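Take a look at the letters that make up each chain.
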Amino acid sequence: MNYINAGPIKAAITGLGAYVPNDKLTNADLEEMVDTNDEWIVSRTGIRERRILKDPTKGTSFMAIKAAEDLLQKKNVSPSQIDMVIVATITPDMNVAATAAQVATQIGAVNAFAYDLQAACSGFLYGMSTASSMIASGRYKKILLIGADKMSSIVDYDDRATCIIFGDGAGAALFEASDSGFGWEDEYLRSDGSGRKFLNIRAGGSLHPTSADTVRNKMHNLYQDGKTVFKYAVSEMSNATEQIIQRNSIDTKNLKYLVPHQANKRIIDATAKRINLPKEKVMNNIEKYGNTTAATLPLLLNDYEEKLSPGDKLIFAAFGGGFTWGAAYMTWAY
Ligand code: UT7
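In this numbering scheme, every chain counts its residues from 1 along its sequence in written order. Restriction of local features to residues with pLDDT of at least 70 applies here, the model being predicted, together with a cutoff of 80 or more for giving and counting side-chain atom pairs; totals for whole chains, interfaces and linings are based on all residues. Side-chain numbers here rest on the full set of heavy atoms in the structure, without hydrogens or water.

> I tried to follow the overall build of the chain on my own but got confused; where do I start?
A run of H or I in DSSP becomes a helix once it reaches four residues, and a run of E becomes a strand once it reaches two; helices and strands are each numbered from the N terminus. Within the chain, the regular secondary structure consists of 11 helices and 13 strands. Both definitions apply: the radius of gyration is a C-alpha atom measure, and the globule rule equals 2.2 Å times residues to the power 0.38. For the chain, whose C-alpha radius of gyration is 19 Å, the value lies close to the compact-globule estimate of 20 Å for 334 residues. For the C-alpha atoms alone, the extent of the chain along its principal axes is close to 55 × 45 × 35 Å. Relative accessibility decides the category of a residue: with a 1.4 Å probe and only protein chains considered, values under 20% of the type maximum give buried, values over 50% give exposed, and everything between is partly exposed. Buried positions account for 55% of the 334 residues belonging to the chain.

This is the structure we're talking about:
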């Protein structure tokens, strides 16, 4: 049964691009910075290293532009053909002036409109829903969706509970009308604002404008109650994934890959276990990038692109700040 694409146009991902900075932050580096150790980090999170955009003059747009250019070059698409650019991010270059507008202009997408989408670690998942719907509407032909985050700009490197998890990176996907019948099949997306007390950046918005106090109290850094977020993430990612499996009558034997947000290897494993999926059917690159927030899903797709064939069944799942979460079903189109 098809819940989403009732109309005649089905959207599909037709190209991918990615960028991660060269500089690595390893577990050994973190041992020098906070009271932690490689064994704890690997066993509790599965992460060995992350990439960090060290240049202080460069923001998230730098990585988003690189990922978009990688895609355009690989696909041989002219930027002037792009109708829309969406950047999913929680680390925009600036609070006002959309990072997506900067990206669109810098890549030469002169005929596009552009805006940012903020749904934390679910940003790319929600963005796929938006891009697919826009394509399915028939009004737009080529949409560039980018997930990009410079997490190092908001992480407190004195807080061992958060600084070990996050890294920087960007990934891009091109959405077009499918010519194969494969593409976006279904989505189950939810949010719960009561979760914001467990995962947030408290200040810098209208509720707590920037002041000397907010800076002194580190209210501009990412705060996370890890244990609570972990619990919700396992339960909601699993529930959403099960919903998608049930209502699309997917036999997991025929599933090519689960594409889970890379927050913690234990969350990924628990989600896979709930649906009895062996680990070779679970996309995974957390070991080398950590949690890149909105960039995890496109970075996974980019890493596994060569292994994908038309018709492969993929289930995406994510959970993040807000809270925001969900799962989606896609058949791969190329
Ligand atoms: O991406 C979107 C949303 N984010 C997530 O989904 C992340 C969800 N949360 C997590 O991944 C995990 O909760 C963390 C990795 C953040 C923490 O792992 P945990 O297994 O939940 O650890 P914990 O917070 O329960 O702490 C266990 C112990 C504590 O010590 P005591 O109180 O038992 O003595 C912590 O102080 O581990 C200690 N600890 C550390 N030890 C060494 C916390 N961080 C560290 C550390 N190194 N980096």
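> Would you explain the nonpolar core in this entry?
Generally speaking, soluble globular proteins have nonpolar side chains that are buried together. If you look at the biggest cluster of nonpolar residues, it comprises 43 residues, and the most contacted ones within it are M151, I244, I250, L277, I315, F319 and F323. Those elements that place two or more of their residues in this core are α8 (226-247), β11 (255-260), α9 (265-274), β12 (313-320) and β13 (324-331). Of the residues forming this core, the biggest block, six residues, is contributed by α8. Boundary definitions for the domains trace back to an automatic or database domain assignment. Here this core spans two domains, and each of domain 1 (11-177) and domain 2 (185-331) adds at least three residues to it. Contact definition: two residues touch when any of their heavy atoms are within 4.5 Å. Non-local contacts of M151, meaning those with residues more than four positions away in its chain, are made with I90, T91, F166, G167, D168, L222, N291, T292 and T293. Within this scheme, the nonpolar core is defined by two criteria: the residues are buried Ala, Val, Leu, Ile, Met, Phe, Trp, Tyr or Cys, and they are joined through side-chain atoms within 4.5 Å.

> What is the right way to look at the pattern of salt bridges in this model?
Any two side chains of opposite charge can pair, given that their charged atoms come close. Any Lys or Arg side-chain nitrogen found within 4 Å of a carboxyl oxygen on Asp or Glu counts as a salt bridge. Tallied over the full model, the rule gives 15 salt bridges. Across the pair E185 and K10 runs a salt bridge, and its minimum N-O distance is 2.8 Å. Of this pair, E185 sits in strand β8 (residues 184-191) while K10 sits in the segment before β1 (11-19), and the two are 175 residues apart along the sequence. The two residues E185 and K10 agree in class, both being buried. A salt bridge links E287 to R48, with the nearest nitrogen and oxygen atoms 3.6 Å apart. You can see E287 sitting in helix α10 (residues 286-289) and its partner R48 sitting in the loop between α2 (38-45) and β3 (49-51), a full 239 residues away along the chain. The class for R48 is partly exposed, based on a relative accessible area of 40%.

> Any chance you could explain the sheet that holds strand β7 (residues 168-177) here in plain terms?
Backbone hydrogen bonds are what pair the strands of a sheet, in a parallel or an antiparallel way. Any two strands between which DSSP finds at least two bridges are classified as paired. Across the sheet, which stays open at both edges, the five strands sit in the order β1-β7-β6-β4-β5 with mixed pairing between neighbours. Either end of the sheet is taken by a strand with one partner, and the two such strands are β1 and β5 (113-117). Across the sheet, the mean angle separating the axes of adjacent strands is 20° when strand polarity is ignored. With eight bridges joining them, strand β6 (residues 143-150) and β7 adopt antiparallel strand pairing. Axis lines are fitted to C-alpha atoms, over the contacting stretch for helices. Their N-to-C directions set the angle, which ranges from 0 to 180 degrees.

> Explain the site of the ligand here, please?
In the vicinity of the ligand, 23 residues are found, and the nearest of them are T36, K227, N264, R266 and N291. One of the backbone N or O atoms of G226 is found 3.1 Å from a nitrogen atom in the ligand. In the model, an oxygen atom of the ligand is placed 2.7 Å from a nitrogen or oxygen of the N264 side chain. Computed on the free molecule, the ligand has an accessible area of 950 Å², of which 75% lies beneath the protein chains in the complex. Mapped by element, the contributors of at least two residues to the shell around the ligand are α2, α6 (160-163), α8 and α9. In the shell around the ligand, the residues fall into 11 nonpolar, seven polar and five charged. Looking at the shell around the ligand, you find at least three residues from each of domain 1 (11-177) and domain 2 (185-331). A molecule or strand has a residue near it when one of that residue's heavy atoms lies within 4 Å. Pairing of N or O atoms within 3.5 Å defines a polar contact, subject to two protein rules: one partner must be a possible hydrogen donor and the other a possible acceptor, and residues neighboring in sequence count only if both atoms are side-chain atoms. Computed by Shrake-Rupley with a 1.4 Å probe, the accessible areas treat only the displayed protein chains as cover when residues are assessed. Each residue gets one of three labels, nonpolar for Ala, Val, Leu, Ile, Met, Phe, Trp, Tyr, Cys and Pro, charged for Asp, Glu, Lys and Arg, and polar for the others, Gly among them.

> Sorry if this is basic, but what is going on with the packing of aromatic side chains here?
How two aromatic rings sit relative to each other is given by the distance of their centres and the angle of their planes. Planes of paired rings set the category: under 30 degrees apart is stacked, over 60 is edge-to-face and the rest tilted, where pairs are Phe, Tyr or Trp rings (Trp by its six-membered ring) whose centres lie within 6.5 Å. Counted by the stated rule, this structure contains 10 aromatic pairs. When the ring of F319 is compared with that of F323, the centres are 4.8 Å apart and the planes differ by 50°; the resulting orientation is tilted. Residue F319 shares its accessibility class with F323, and that shared class is buried. Ring pairs connect the aromatic residues F198, Y232, F319, F323 and W325, which therefore count as one cluster. For a Lys NZ or an Arg CZ to count as sitting over a ring, it must be within 6 Å of the ring centre and within 35 degrees of the ring normal. Of note, K58 hangs over the ring of F62, and the distance from its end group to the ring centre comes to 5.0 Å.

> I'm lost on the pairing of β7 in this one. Help?
Each regular strand carries side chains that alternate between the two faces of the sheet. By the criterion of burial, β7 is predominantly enclosed, with nine of the 10 residues buried. As paired elements, β1 and β7 share eight bridges and run antiparallel to each other. In the strand pairing of β7, L16 is matched with A173.

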